[in-house]
Amino acid sequence: MMAAGNLSNRRGTLLENEPMSRHTSWRVGGPADRVYLPADLDDLAGFLASRPKDESIVWVGLGSNLLVRDGGVRGTVIMTSGALGELSMQDDGTVRAEAGVPCAKIARFSVQQGLQGGEFLAGIPGTVGGALAMNAGCHGSETWQYVAAVETIDRAGERRVRPAGDFSVSYRKVTGPIGEWFVAGHFRFRPGQTTEGKGIIKQLLAKRGASQPTQLPNAGSVFKNPVGDFAARLVEASGLKGVCEGRACVSEMHANFIINTGDARAADIEKLIARVQAEVQAKQGVRLETEVRVIGEK
């Protein structure tokens, strides 16, 4: 492990004043003071230990499920996608995936290993780190149903392996030890047939392509589903399909998606989110909570 505080040993890539629009699926977002792409976990540990204790640290994977405001992000953004990408079978039969591994890659890998249960991950447009942090799910399954253990890291660069029982998990919410971030997950899937698993993934992807606006910049589902209902139904019932603020519009294909139709600003998206919440509250009596994370300065 590299020595704490010794930046001369840094092996990752440090970018300064980096536009976050290059790193988000909505293709919006102002500049981050710094963006760091670690070479591996050892490099990340050393980098974190070298940063001032009062510096803000923000973690970003594929940049889906994320709205970065036009004023950008102060402090340092750690980019895990394309950096922390190790994926392997463990001796205990679990699948170990680092934080930057795309969820779809785990789905394919587990099926190839003769495992079943993780196919739903093919429908999540994010990485392991984000899926662990928010208990991402779709098609009736959630990430933490299959988590056996996680690996975390703190500001001092210290890494730990924690059992799933160390965390409190609910719908799109995970709480655990304060001051630690997820850097890998160990997933336990059940034995299955590779051919059947491949078929399930193919069906899920076909359904996604037919029902979601995957051809235009979006961040996945914007709002959480209220208990016993669906956010998309409430938005559509409120007559909001196709409604726009600037170049940001509620998708005609799926009402829980907001699309960037071209050169939208983060402010347009945030204004549209607030408008949808207000109108659904007024017309349906339900306050929609956002699933997307909003960061940065206006």
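Residues numbered from 1 in each chain as written. Predicted model: local features only at pLDDT ≥ 70, side-chain atom pairs only at ≥ 80, totals over all residues. Heavy atoms only, no water.

> Looking at this structure, I do not really get the pattern of salt bridges. What am I missing?
Any two side chains of opposite charge can pair, so long as their charged atoms come close to each other. A full pass over the atoms with the stated rule returns 27 salt bridges. The partner of R69 in a salt bridge is E270, and the shortest N-O contact between them spans 2.8 Å. Within this pair, whereas R69 is found in the loop between β4 (66–68) and β5 (73–79), its partner E270 is found in helix α6 (residues 266–284), the two being separated by 201 residues in sequence. Salt bridges linked by common partners bring D154, E158, R160, R162, D166 and E180 together as one network. (Salt bridge = Lys/Arg side-chain N within 4 Å of Asp/Glu carboxyl O. Helix = DSSP H or I, 4+ residues; strand = E, 2+ residues; numbered from the N terminus.)

> Hey, could you run me through the sheet that holds strand β7 (residues 95–98) in this one?
Strands belonging to one sheet form pairs held by backbone hydrogen bonds; the direction of such a pair is parallel or antiparallel. With respect to topology, 5 strands assemble into an open sheet ordered β6-β7-β15-β11-β12, the strand pairing being antiparallel. Every other strand in the sheet has two partners, leaving β6 (87–89) and β12 (159–163) as the edge strands with one partner each. The mean angle between the axes of side-by-side strands here comes to 25 degrees, regardless of whether they run parallel or antiparallel. Two elements, strand β11 (residues 147–154) and β12, share 5 bridges in a ladder whose sense is antiparallel. When the bridges of β12 are listed, E151 appears paired with V161. Contacts from helix α1 (residues 41–50) reach β7, β11, β12 and β15 (180–187), with the element oriented near 40 degrees to β11. Contacting β6, β7 and β15, helix α2 (residues 103–112) runs over the sheet at an angle of about 25 degrees to β6. (Pairing = 2+ DSSP bridges. Axes fitted to C-alpha atoms, helices over the stretch in contact; angles between N-to-C directions. Contact = heavy atoms within 4.5 Å.)

> What should I look at first to understand the environment of A149 in this one?
Note on placement: A149 falls in strand β11. Given a relative accessible area of 14%, A149 falls into the buried group. Sequence spacing of A149 and P226 is 77 residues, and the spatial spacing of their C-alpha atoms is 29 Å. (Buried < 20%, exposed > 50% of the residue type's maximum accessible area, 1.4 Å probe, protein only.)

> Before we go on, may I ask you to explain the state of the cysteines in this structure?
Joining two cysteines, a disulfide is a covalent bond between their sulfur atoms. The full count for this structure, using the stated rule, is 1 disulfide. What pairs with C244 in a disulfide is C249, and their sulfur atoms sit 2.0 Å apart. Judged by the sign of its S-S torsion, about 105 degrees, the cystine formed by C244 and C249 is right-handed. For C244, a relative accessible area of 32% puts it in the partly exposed group. (Disulfide = S-S within 2.5 Å.)

> Help me understand the nonpolar core in this model?
Proteins that are soluble and globular tend to have nonpolar side chains buried together. By size, the foremost hydrophobic cluster in this structure holds 30 residues, and its most contacted members are I106, L121, L132, W144, F187 and F189. Elements with a contribution of two residues or more to this core: β7, α2, α3 (128–134), β11 and β15. Here this core takes 5 residues from α2, the largest share from any one element. Every residue in contact with F189, bar those within four places of it in the chain, is listed here: V95, I106, S110, L115, Q116, G117, G118, L121 and Y146. In this structure, W26, A219, A232 and V250 belong to the second largest nonpolar core, which totals 25 residues. (Core = buried A, V, L, I, M, F, W, Y, C linked by side-chain atoms within 4.5 Å.)

> Explain the packing of aromatic side chains here, please?
Aromatic rings in a pair are described by how distant their centres are and how their planes are angled relative to each other. Under the counting rule described, the total for this entry stands at 8 aromatic pairs. Measuring from centroid to centroid gives 5.2 Å for W59 and W181, while their planes differ by 40 degrees, and the two rings are tilted. With W59 in strand β3 (residues 57–60) and W181 in strand β15, this pair connects stretches of sequence that are 122 residues apart. Under the relative-accessibility criterion, W181 is labelled partly exposed at 22%. Aromatic side chains F167 and F182 sit 5.3 Å apart centroid to centroid with 45 degrees between the ring planes, which places their arrangement in the tilted category. Highlighted residues: F167 in the loop between β12 and β13 (168–170) and F182 in strand β15, separated in sequence by 15 residues. Each member of the pair, F167 as well as F182, carries the same accessibility label: buried. Taken together, the ring pairs connect F120, Y146, F187 and F189 into an aromatic cluster. (Phe/Tyr/Trp six-rings, centres within 6.5 Å; stacked < 30°, edge-to-face > 60°.)

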